[in-house]
Amino acid sequence: MTSDHPINTTGSRQRQTRFAALQKWVSRAFARDLSCLIVPGQDVALAHGLNVSATGMRVGASPRDANVLLIVGGLSEKMGEVAAVLYAQMPRPRTIIVLGGTTPLSLPGADVSAGLSQEALADAVGRLKRALAEGAFATSAEEFDASVLHVQIEYVCPMHPEVVQNEPGSCPKCGMDLVAREAGESAPDHDHEHHHDEHQHDHEHQHHGHEHEHEHCHDHEDQSHHDHKHRSEHEHSGHDHSGHEHGGHDHGGHDHGASGFMSMIEVTKDLPRSADGLQMDWLEVPFGPVFPGLPGGLKLTLTLDGDGVTEGQATSLVGVTNEGENIEESEEMDAETFIGYLSAAIPLAPVSYRLLVCLAIEQAAGLEGDSANAGARTGALERERIASHLGWLAQLGRQLGFAWLTQRAATLQLQVREANRDSLAALEPALRTLGTRLERTPLLKSRLKGIGLLPTESSDLRGPVARAADEGGDAWARLRQRLAEISASLGLIKSGGEPALPVLRDVGDVSGTGEATVDTPRGEARLSLKLERGHVKSYKLDTACSQHIGLVPKLVEGQELGDALLAVGSLDLSPWEVTS
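Residues numbered from 1 in each chain as written. Predicted model: local features only at pLDDT ≥ 70, side-chain atom pairs only at ≥ 80, totals over all residues. Heavy atoms only, no water.

Q: What exactly am I supposed to notice about the overall build of the protein here?
A: Within the protein one finds 19 helices and 15 strands. With 580 residues in all, the protein has 52% of them scored as buried. Surface exposure of the protein reaches about 26200 Å², of which carbon and sulfur atoms provide 49%. (Helix = DSSP H or I, 4+ residues; strand = E, 2+ residues; numbered from the N terminus. Buried < 20%, exposed > 50% of the residue type's maximum accessible area, 1.4 Å probe, protein only. Areas by Shrake-Rupley, 256 points an atom, 1.4 Å probe, with all protein chains shown as cover.)

Here you go:
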């Protein structure tokens, strides 16, 4: 069948040509302006020696400000789910680069995969730019979906936890509004009725609102901390809770005795009183596990009462496994494999833990101290201590909004990380200048002094946290302690051998038990293990961060939000070193 009116295809072809040209122009512009979100965090990238800015990519402040999800190293299952939530919030076209690991099952395949080095990163970014310029707007792009993005919500009565419904409504027994929670969660504790919005908040932040967590970061790093603190507080306290109006629930129409309604006294009688005497709802708000100024992989949950923190806790989503019992034969590792496993599992201090395992295995084999390599091992350990403290300073700069500190500390960290003894000596003036500037910055001292005071009953403190306890025990004292340790480490490297990665001496197929202690950048770590025919049969690891993470609840209680975050940051927690 033919048409009496032939179709004019000229206009259609012209429109297609113009659209294709526009696509090509936008694609090239997109490739020139790459902004990445780093998972687990910038601290991990720097610890691996990655200078992201040197590749031409910007580091985005939030998922909405990024078009590249940059995954550094392997991710735990929980961190993989976090990465999926972040990826879902990124504007399209969005891409994934994976360095030194495999793509989490919760994400689509990586657009570019590469090794874990600066050269590999630069090559990966170059390949991604070329691919984007050629087809950033591929029509075959599929919608992204993951199970973590779908959470079943049920509604429960805060007063009568046995009342559970699939839809919002009111409790048939008391008339209170039902509270949203994830299916499978335990019922709200009767003693914590003030948390009647916490499940809703937790759901919004963890599954649909991770951009909120990133909005708390410094959109303009050179803004004052005061502005950041109040912006963060108001963002957290200003969520839309339509359907859950605080303090003023409309209970008209419900049967509450002869009065026919529930009075405000009844509604608020069990809520906690704030410092000003007002009764109000407390909000449970998560920070992290990808949050500028806090270590990647650390989830900090704070309960907010207005501008203040009433309680809090910190948990790790990336902690190393502590095997106290016998390892199954199929999971046994020979000595070298175990060294690689443990050092890779703790990316913020791999040299320290490599040395720890070497010492424990060598003792199990009955070997005496390695005097020939002692200087080289000490040099490598102290070099890592300097780099680690610089990494902490870079994190502090992000938290305070001191862009100059973040940039300077990160630059020095990258230079120190693999420097030889002569190069470290050449860097000494710059390191001392940075320390002097920090100690003479009045705003910094006033901001940290008195923050994060340790409770008098604190026990098993280690490393800089323990040594600073005798000098005031606050965030300022911990800063000064780490600066002093940088100087001391430089002195030890000068008088010792050339820093070299610890290498295990030949132990053969020996059997025995051994233990060792190493003063890592965050404090003493202790390892005991059992060898059978050269294979690790069991081990037990005790780390400083496993002890220090328990300080968080006392440090944040009663503090303003900004002060609480600084207090936690001053501990220099490594979530990777929290044993589970």
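Q: For this particular structure, what's the right way to read the sheet that holds strand β15 (residues 535-542)?
A: Two orientations exist for strands paired in a sheet by backbone hydrogen bonds: parallel and antiparallel. The antiparallel open sheet is built from 4 strands, whose spatial order is β12-β15-β14-β13. Only two strands of the sheet have a single partner each, and these edge strands are β12 (333-334) and β13 (512-520). Judged from the 9 bridges that link them, β13 and strand β14 (residues 523-532) form a sheet pairing that is antiparallel. Counted as the bridge partner of E515 is S528 from β14. (Pairing = 2+ DSSP bridges.)

Q: I'm lost on helix α10 (residues 350-364) in this one. Help?
A: An α-helical segment advances 3.6 residues per turn. Residues three or four places apart therefore align on the same side. Over its 15 residues, α10 extends 21 Å from the first C-alpha to the last, a length consistent with the 21 Å expected when each residue adds 1.5 Å. Among the residues of α10, V351, S352, Y353, R354, L355, L356, V357, C358, A360, I361, E362 and A364 are the ones counted as buried. On its buried face, α10 is in contact with α9 (335-345), α11 (374-400), β13, β14 and β15. Immediately beyond the C-terminal end of α10, within one or two residues, lies G366, with a positive phi of roughly 80°. (Expected span 1.5 Å × (residues − 1). Contact = heavy atoms within 4.5 Å.)

Q: Help me understand the packing of α11 against helix α12 (residues 403-416), please; the structure alone is not making it clear to me.
A: Two numbers describe a pair of packed helices, the interaxial angle and the distance between the axes. For the pair α11 and α12, the least separation of the axes is 8 Å and the interaxial angle reads 160°. The orientation of α11 with respect to α12, classified from their angle, is roughly antiparallel. By crossing handedness, the relation of α11 to α12 is classed as left-handed. Across the interface between the two elements, R383, I386, A387, L390, G391, L393, A394, L396, G397 and R398 from α11 touch L405, T406, A409, A410, L412, Q413 and V416 from α12. (Axes fitted to C-alpha atoms, helices over the stretch in contact; angles between N-to-C directions. Parallel < 35°, antiparallel > 145°, perpendicular 65-115°, else oblique. Left-handed = near helix turned anticlockwise from the far one by under 90°.)

Q: Sorry if this is basic, but what is going on with empty space enclosed by the protein here?
A: Space left empty within the atom packing is revealed by a probe, the size of a water molecule, rolled over the atoms. The tally for this structure, following the rule as stated, stands at 2 cavities of 30 Å³ or more. A volume near 30 Å³ is recorded for the second largest cavity. Surrounding the second largest cavity, R421, L424, A425, E428, L490, I493 and K494 form its lining. Counting residues per element, the ones that place at least two in the lining of the second largest cavity are α13 (421-439) and α16 (475-495). (1 Å grid on protein atoms, 1.4 Å probe; cavity = no way out; pocket = protein on both sides within 12 Å on 5 of 7 lines; lining within 4 Å. Points joined across faces, edges and corners; volume = space filled by probe spheres on them.)

Q: Any chance you could explain the confidence of the model for the protein here in plain terms?
A: It should be kept in mind that the predicted coordinates are not to be read in detail where pLDDT is low. Residues at a pLDDT of 70 or more form 74% of the protein, whose mean pLDDT is 81. Considering only residues more than four positions removed or in separate chains, one finds that residues 187-269, a stretch of pLDDT under 50, has 178 contacts. (pLDDT = per-residue confidence, 0-100.)

Q: Would you take a moment to explain the layout of surface pockets for this structure?
A: Put simply, the largest pocket is a space of about 1000 Å³. Looking at the largest pocket, it is lined by 49 residues, and the ones nearest its centre are A47, H48, P347, L348 and P350. Elements that contribute at least two residues to the lining of the largest pocket include exactly α2 (42-47), α4 (118-135), α9, α10 and α11. A per-element tally of the lining of the largest pocket places α11 first, with 9 residues. Its residues assigned to classes, the lining of the largest pocket comprises 22 nonpolar, 17 polar and 10 charged. (Nonpolar A, V, L, I, M, F, W, Y, C, P; charged D, E, K, R; others polar.)

Q: What exactly am I supposed to notice about the sheet that holds strand β9 (residues 283-287) here?
A: With antiparallel pairing, the 3 strands of this open sheet are ordered in space as β9-β10-β11. Of all strands in the sheet, those bounded by a partner on one side alone are β9 and β11 (308-316). Ignoring strand direction, the axes of neighbouring strands in this sheet form an average angle of 20°. Bridge count for strand β10 (residues 298-305) against β11 is 8 bridges, and the pairing is antiparallel. Of the residues in β11, the one forming a bridge with L298 is S316. Docked against the sheet, helix α19 (residues 561-570) engages β9, β10 and β11, running at close to 155° with respect to β10.

Q: Would you take a moment to explain the packing of aromatic side chains for this structure?
A: For the coordinates displayed, the defined rule picks out 4 aromatic pairs. Summarising the aromatic geometry, the rings of F338 and Y341 are spaced 6.1 Å apart at their centres and angled 35° between planes, so their arrangement reads as tilted. With F338 and Y341 both in helix α9 and 3 residues apart, the pair spans about one turn of that helix. Relative accessible area serves as the criterion here: at 29%, Y341 is assigned to the partly exposed category. (Phe/Tyr/Trp six-rings, centres within 6.5 Å; stacked < 30°, edge-to-face > 60°.)

Q: I would appreciate a short explanation of the nonpolar core in the present structure.
A: Soluble globular proteins tend to bury their nonpolar side chains together. The biggest cluster of nonpolar side chains holds 76 residues, and the ones touching the most others in it are L69 and L70. Of all the elements, α10 adds the most residues to this core, at 8 residues. Aside from chain neighbours lying at most four places away, what touches L70 is C36, L37, I38, V39, V52, M57, I97, L99 and L121. Formed by 59 residues, the second largest nonpolar core is a distinct cluster that contains L400, L424, L483 and I493. (Core = buried A, V, L, I, M, F, W, Y, C linked by side-chain atoms within 4.5 Å.)

Q: How should the pairing of β15 be read in this particular structure?
A: For a regular strand, side-chain orientation follows a simple rule: the groups alternate between the two sheet faces. Across 2 bridges, β12 lies against β15 in antiparallel orientation. Within β15, the position partnered with M333 by the bridge is V536. Of the pairings in the sheet, the one linking β14 to β15 comprises 7 bridges and is antiparallel in character. Within β15, the residue paired with L531 across the bridge is V536. Linking two consecutive strands that pair antiparallel, namely β14 and β15, is a turn of 2 residues; a positive phi of about 55° is found at R533 within it.

Q: When you look at the packing of α12 against α13 in this model, what are you seeing that I'm missing?
A: Close contact between α12 and α13 brings their axes to 11 Å; oriented N to C, the two are set at 160°. Put simply, α12 runs roughly antiparallel to α13. Considering the relative orientation of α12 and α13, their crossing is left-handed. Together, W404, L405, R408, L412, Q415 and V416 of α12 and L424, L427, A430, L431, L434, R437 and L438 of α13 make up the contact between the two elements.

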